[in-house]
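Each chain, letter by letter, is given below.
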Amino acid sequence: MQNWIPFIPDAASTVAGQVDGLYFYLTGVTIFFTLLVYALLILFIIRYRRRNPREIPRPIAGSIKLESMWTVIPFLIAMSIFVWGARLSFTQYRMPAEALDIYVVGKQWMWKFQHTTGQREINELHIPVGRKVKLTMTTEDTIHSFFVPAFRTKADVVPGRYQYLWFEATKPGRYELFCAEYCGTNHSGMTGYIVVMEPTDYDNWLSGGANQQSPVAAGQQLFQTLGCATCHSDAGQGGRGPALAGLLGKQVQLNNGQTITADDSYIRESITDPQAKIVAGFGPIMPTFKGQVSEEQLLQLVTFIKSLSPAQTEGKAATAPARENNPQTGTASPEAQGTTAPDVQRSNPVGPTAPNAGQGGGAQSTESQRSNPVGPTNNNARPKQRQRRQ
Amino acid sequence: MQVLESEEFETPVASRVNYLNATYGLKSWLLTKDHKRIALLYLGSVSFFFFLGSIYAMMIRLELLTPRGDLVQSQTYNKLFTHHGILMVFFFLIPSIPTVLGNFLVPLMIGAKDLAFPRLNLLSWYIYMVGGILTFWALLNGGVDTGWTFYVPFSTTFSNTYVVAAGLGIFINGFSSILTGLNFIVTIHTMRAPGMTWFRLPLFIWAHYATSLIMILGTPVIAITVLLVALERLARIGIFDPALGGDPILFQHLFWFYSHPAVYIMVLPGMGVVSELIANFSRKNIFGYSFVAFSSIAIAVFGFLVWGHHMFVSGQSMYAGMIFSFLSFAVAIPSAVKVFNWTATLYQGSISYDTPMLYGLGFIGLFVIGGMTGLFLAAIGLDIHVHDTYFVVAHFHYIMVGGTVLAYLGGLHMWWPKISGRMYPEGWARFAALVIFVGFNLTFFPQFLLGYMGMPRRYHAYPADLPVWQVLHVMSSAGASILGMGLTLPLIYLVWSMRYGRKAPANPWALPGLEWRTPSPPPTENFAVTPVVTWEAYEFAPPEELKVIGKFEPGDEADHPAVTKG
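What counts and how
- Residues numbered from 1 in each chain as written.
- Chains lettered and ligands numbered in written order.
- Predicted model: local features only at pLDDT ≥ 70, side-chain atom pairs only at ≥ 80, totals over all residues.
- Helix = DSSP H or I, 4+ residues; strand = E, 2+ residues; numbered from the N terminus.
- Rg over C-alpha atoms; globule rule 2.2 N^0.38 Å.
- Buried ≥ 20, exposed ≤ 12 C-beta atoms within 10 Å, placed from the backbone.
- Contact = placed C-beta atoms within 7 Å.
- Axes fitted to C-alpha atoms, helices over the stretch in contact; angles between N-to-C directions.
- Parallel < 35°, antiparallel > 145°, perpendicular 65-115°, else oblique.
- Left-handed = near helix turned anticlockwise from the far one by under 90°.
- Nonpolar A, V, L, I, M, F, W, Y, C, P; charged D, E, K, R; others polar.
- pLDDT = per-residue confidence, 0-100.
- Expected span 1.5 Å × (residues − 1).
- Pairing = 2+ DSSP bridges.
- Core = buried A, V, L, I, M, F, W, Y, C linked by C-beta atoms within 7 Å.

(A) Looking closely at the overall build of chain B. Scanning chain B from N- to C-terminus turns up 16 helices and zero strands. Relative to the globule expectation of 24 Å for 566 residues, the C-alpha radius of gyration of chain B, 24 Å, shows essentially globular dimensions. Based on the C-alpha atoms only, the size of chain B along its principal axes is roughly 75 × 45 × 45 Å. Residue burial in chain B is summarised as follows: out of 566 residues, 64% are buried. Taking the contacts inside chain B whose residues are at least 6 apart along the sequence as the reference set, 83% of them involve residues at least 24 apart.

(B) Structural view of the overall build of chain A. Along its length, chain A carries eleven helices and twelve strands. Buried positions account for 43% of the 390 residues belonging to chain A. Considering only contacts within chain A whose residues lie at least 6 apart along the sequence, 73% involve residues at least 24 apart.

(C) Here's a closer look at the packing of helix α11 (residues 318–346) of chain B against helix α12 (residues 355–378) of chain B. All names here are of chain B. At a closest axis distance of 10 Å, the pairing of α11 and α12 adopts a crossing angle of 165 degrees. Relative to α12, α11 is oriented roughly antiparallel. In this structure, α11 crosses over α12, and the sense of that crossing is left-handed. Across the interface between the two elements, S325, S328, F329, A332, S335, V339, W342 and T343 of α11 pack against I364, F367, V368, G371, G374, L375 and A378 of α12.

(D) Up close: the interface of chain B and chain A. Contacts between chain B and chain A engage 82 residues on the former and 86 residues on the latter. Per element, the largest residue contribution to the side of chain B that touches chain A is 15 residues, and it comes from α11(B). Each residue belonging to the side of chain B that touches chain A can be placed in one class, and the counts come to 50 nonpolar, 27 polar and five charged.

(E) Summary view of the environment of B:A510. Its place among the elements puts B:A510 in the segment after α16 (467–500). Along the backbone, B:A510 and B:A541 are 31 residues apart, and their C-alpha atoms lie at a distance of 8.2 Å.

(F) Summary view of the confidence of the model for chain B. All names here are of chain B. This prediction gives chain B a mean pLDDT of 91; 94% of its residues lie at or above 70. This model gives residues 1–14 a pLDDT under 50, and the stretch forms 29 contacts once residues within four places in sequence are excluded. Throughout residues 552–566 the model reports pLDDT below 50, and contacts reaching past four residues in sequence, or to other chains, amount to 29 contacts. If you check the scores for this complex, the pTM reads 0.86 and the ipTM reads 0.91.

(G) Quick peek at helix α1 (residues 16–47) of chain A. Taking 1.5 Å of rise per residue, the 32 residues of α1(A) would be expected to cover 46 Å, and the 46 Å separating its terminal C-alpha atoms lies within 8% of that figure. Its buried side turned inward, α1(A) meets α2 (64–93) of chain A together with α11, α12, α13 (380–386) and α15 (426–453) of chain B.

(H) The sheet that holds strand β4 (residues 124–128) of chain A, seen in detail. Residue and element names in this part refer to chain A. Pairing in this open sheet of five strands is mixed, and the strands run β4-β10-β9-β6-β7 from one edge to the other. With one partner strand each, in any of the chains shown, β4 and β7 (153–157) form the two edges of the open sheet. Going from strand to strand, the sheet's axes swing by 20 degrees on average, the running direction of each strand aside. Examined bridge by bridge, strand β9 (residues 173–179) and strand β10 (residues 192–197) share five bridges and lie antiparallel to one another. Residue pairing across strands places E176 opposite Y193, the latter belonging to β10.

(I) Seen up close, the packing of helix α2 (residues 35–63) of chain B against α16(B). All names here are of chain B. Running from amino to carboxyl end, α2 crosses α16 at an angle of 155 degrees, the nearest separation of the two axes being 9 Å. As far as their axial angle goes, α16 and α2 are roughly antiparallel. Where α2 crosses over α16, the two elements pack in a sense that is left-handed. Every residue of α16 that contacts α2 at S54, A57, M58, R61 and L62 is listed here: S476, S477, A480, G484 and L487. Broken down by class, the residue content of the contact of α2 with α16 amounts to five nonpolar, four polar and one charged.

(J) Inspection of helix α6 (residues 264–272) of chain A at higher detail. All names here are of chain A. Summarising burial for α6: nine of the nine residues are buried, a large majority. Within the span of α6, buried status applies to D264, S265, Y266, I267, R268, E269, S270, I271 and T272. Of the surrounding elements, those touching the buried residues of α6 are β5 (132–139), β12 (259–261) and α7 (295–307).

(K) Focus on the sheet that holds strand β8 (residues 163–168) of chain A. Residue and element names in this part refer to chain A. Strand order in the open sheet formed by five strands is β3-β2-β1-β5-β8, with mixed pairing between adjacent strands. The sheet terminates laterally at β3 (120–122) and β8, the two strands that pair on one side only. With direction set aside, neighbouring strand axes in the sheet form an average angle of 25 degrees. With seven bridges joining them, strand β1 (residues 100–107) and β5 adopt parallel strand pairing. Within the sheet, the bridge partner assigned to I102 lies in β5 and is L135.

(L) The arrangement of the confidence of the model for chain A in detail. Residues and elements named next belong to chain A. Summary statistics for chain A give a mean pLDDT of 80 and a share of 78% for residues scoring 70 or more. Mean pLDDT across the secondary structure elements of chain A bottoms out at helix α10 (residues 342–345), with 36, and peaks at strand β6 (residues 144–148), with 97. Throughout residues 312–390 the model reports pLDDT below 50, and contacts reaching past four residues in sequence, or to other chains, amount to 154 contacts.

(M) View of unusual backbone geometry. All names here are of chain B. Of note, the amide linkage connecting V152 to P153 takes the cis form, showing an omega dihedral of -5 degrees. Note on placement: P153 falls in the loop between α5 (118–140) and α6 (154–158). Cis geometry marks the peptide bond from S520 to P521; its omega dihedral reads -15 degrees. Mapping P521 onto the fold places it in the segment after α16. The phi angle at F150 is positive, at roughly 55 degrees, despite the residue not being glycine. Within the secondary structure layout, F150 lies in the loop between α5 and α6. Note on F150: 24 C-beta atoms within 10 Å, which makes it buried. Despite not being glycine, R458 shows a phi value in the positive range, around 60 degrees. Mapped onto the secondary structure, R458 falls in the loop between α15 and α16. Take R458: there are 22 C-beta atoms within 10 Å of it, and that puts it in the buried class.

(N) Structural context of the nonpolar core. Ranked by internal contacts, the top residues of the largest apolar core, which has 263 residues, are B:L375 and B:A379. With 20 residues, the single largest contributor to this core is helix α9 (residues 248–281) of chain B. Each residue touching B:A379, except ones within four places of it in the same chain, is listed here: A:L22, A:L26, A:I81, A:F82, A:W84, A:G85 and B:S325. Counting residues in each nonpolar core, the second largest holds nine residues, with B:A506, B:W516, B:V548 and B:I549 among its members.

(O) Quick peek at the environment of B:N18. As for its placement among the helices and strands, B:N18 is situated in the segment before α1 (26–30). When the C-alpha atoms of B:N18 and B:P519 are compared, they prove to be 8.4 Å apart, with 501 residues separating the residues in sequence.

(P) Examining the pairing of strand β2 (residues 110–115) of chain A more closely. All names here are of chain A. With respect to burial, β2 is a largely interior element, six of its six residues being buried. Along β2, one buried face is formed by M110, K112 and Q114 and the opposite face, lined by W111, F113 and H115, is buried too. Across six bridges, the pairing between β1 and β2 is antiparallel. Bridge pairing in β2 places V104 opposite F113. Linking two consecutive strands that pair antiparallel, namely β1 and β2, is a turn of two residues. Examined bridge by bridge, β2 and β3 share three bridges and lie antiparallel to one another.

Structure below.
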């Protein structure tokens, strides 16, 4: 696992080298100042040791010149570190336009992944080498943190919102995945592996699970069974509810005069807390689906709704204007309110139970105590930052 | 070695009435209004909580000897680090130097008879004890597993432990902090002896003034935060948990708005002690007095603006992160200024190798490393990797243990003759200081390496296929046992010296500070007559000119022997 430099972990992502570079610079600065201070201390305590218990050294008041020097020079060095660190963070926070999307749900105490092609994994994520991977992450319970030391990257996974993280692996291998934010009893068991594969191996691996339902398909099915189509219509053209086709990335005018940009978190919030942001021209008639859909199902719904905006996936601005010519009739559809069958769907296609569940007896009980795994989106989420990792 | 034996300078102590023997009995201690006795009450209770916190630390280090979680279950381990953190932060580090050394020395150093509000001072000790005992009760009866940070929604919704009881203890304890801070500020403003101008104050006082500002302004925020956690946990009012309509990041803002300044509550008094140690044991006035004094105030002010650097990966805005990163680098500068000034103070000094000086030098050495590694964490791009790893653990232990604990021990040794009226055994004390320094570095230096390699915090087990990790953990645990033994030594010999130590003269180190111009131990009223200060801070003079103020023995001159410089 070791490089030729001791105590440096495997470096297997495009940013790893840059993070190490800053680390070496800082280590150099630290060693320089530590040696400087230690050398002066040792020199002084030997040279000026007390020779006579009655001696009174000549007082020295201080020196403005020296004070300015050791204020300004450390400040300049600190600023060099600040700029370097901020530039580096910019690379890490900015989400790439083109990336392999993977959906991540953290849960006490496991990591659940779903690929766009439908494969699901627990505590192990297979990705191809040399391709940017973008994670869209949330959690069913408490805060977790997705940490891959070999990639030198990390992001907290916060309930009630989507967090994003991207990386590009540079060499095949099996790399440790840790939960870095303390999350309860089996926190230290919430680990896994990122398996980085050659593209051909990855394609083979993907084809192994080809019969699984993709998140878009699953989302479409949910869209029907939950009755979303009643108001938003089958292909999302809208009706009693606002149009969903071509929505993503567009500016949306709300009935309180605000304008927001439609993104993942906005769609998620509109499902769990429909009254939070109502599109201008529509009434507050949508029932909440909070508690009826799991985080994974929410991600599938969001993915499906995103797929209705093809321009977004091509990285271009949306072209089709949203249909806003549907005055409200003022009645909620009874179908929409009555349909609640998500539990039937909530089977876990992956099959194996959490590998860690056996270790802490509290795992299952805590899970079942939690009646309400889905929370509303954070109202403070700032639309402009949503495409980056917040 | 450097203790002056000159007879003409020594005040007879045997028969004299002092604060320790003025009255007897438990009641005279529990109802005392004397700041010096209250300092001793704090010394006992703070040491008790430090001892408890250390036991938890030892168990953590024992568990981490092996990669597997074999000594304790994960749930037990979670409680161990939570209890360790809560006891050490809230019941040792925050109160330690202000309530023990500050309580004892603030009035003595400024020439006052007591603090401004002696009853409030006693009340603050009782509040501290109520908070401490309540928290300790919660820890014994089931414990808490949230980590000392009480992050939501884990603490409000998921944890099945005594969160509210422990939180209530911390809430109550906060009032003790506020009262102490209030007392210090009023005392320093209004009760300085004639001639004791602001710029004649020892730097210990400046540091305590800055600390008191943070205590008063910051502590109410943690109190509110803890209350909100309790409200959400008990009444299910949605404040932090998104399932109830709350915002978990809001908690982190509130928590760190106090808890980052709290870091300065812990380290600023330590810096004040070290300024005293370095100046007095090199017999030099501090280099750049006003820079050191104002750097304390600067740290207190800027310290309130950097809390967001705990949240670089938590989901706050990238631009907020950049501002917090910038301010964190800015707050590092006053600390650097202090280090350079302490070092420059030694130049052409008369440096003694007495134990307090060893701790002072040890503090500077460890604080440089602790401070510099703080820069790693302030750089966002690098913090993303090392956040919540052992790198952070190592960094803050270098500041908290290498800084605060060393300063506390150094201060305790420097003023022990004044506090107890007895000398501690110098040989043992130097040996203990050395053991602590070596043990400390062996414990915490490997954790920097572990952290960069990716070892996350709060893990009771770690991958067994990384042998280097275990090697580093074993080194760390070995260091912890050495550190533990080193810390036991002062406990033993200081207690021993209270009965068997050589009697201390009024001014064993021949220092100019006011606290040394009254007998050891001081009388209840501190000074027989109000001292008049005509000298600058750290104005050293030959020992025979440093007369004890006031008349204690027949033959002593009572006419304010305001010492003129030599």
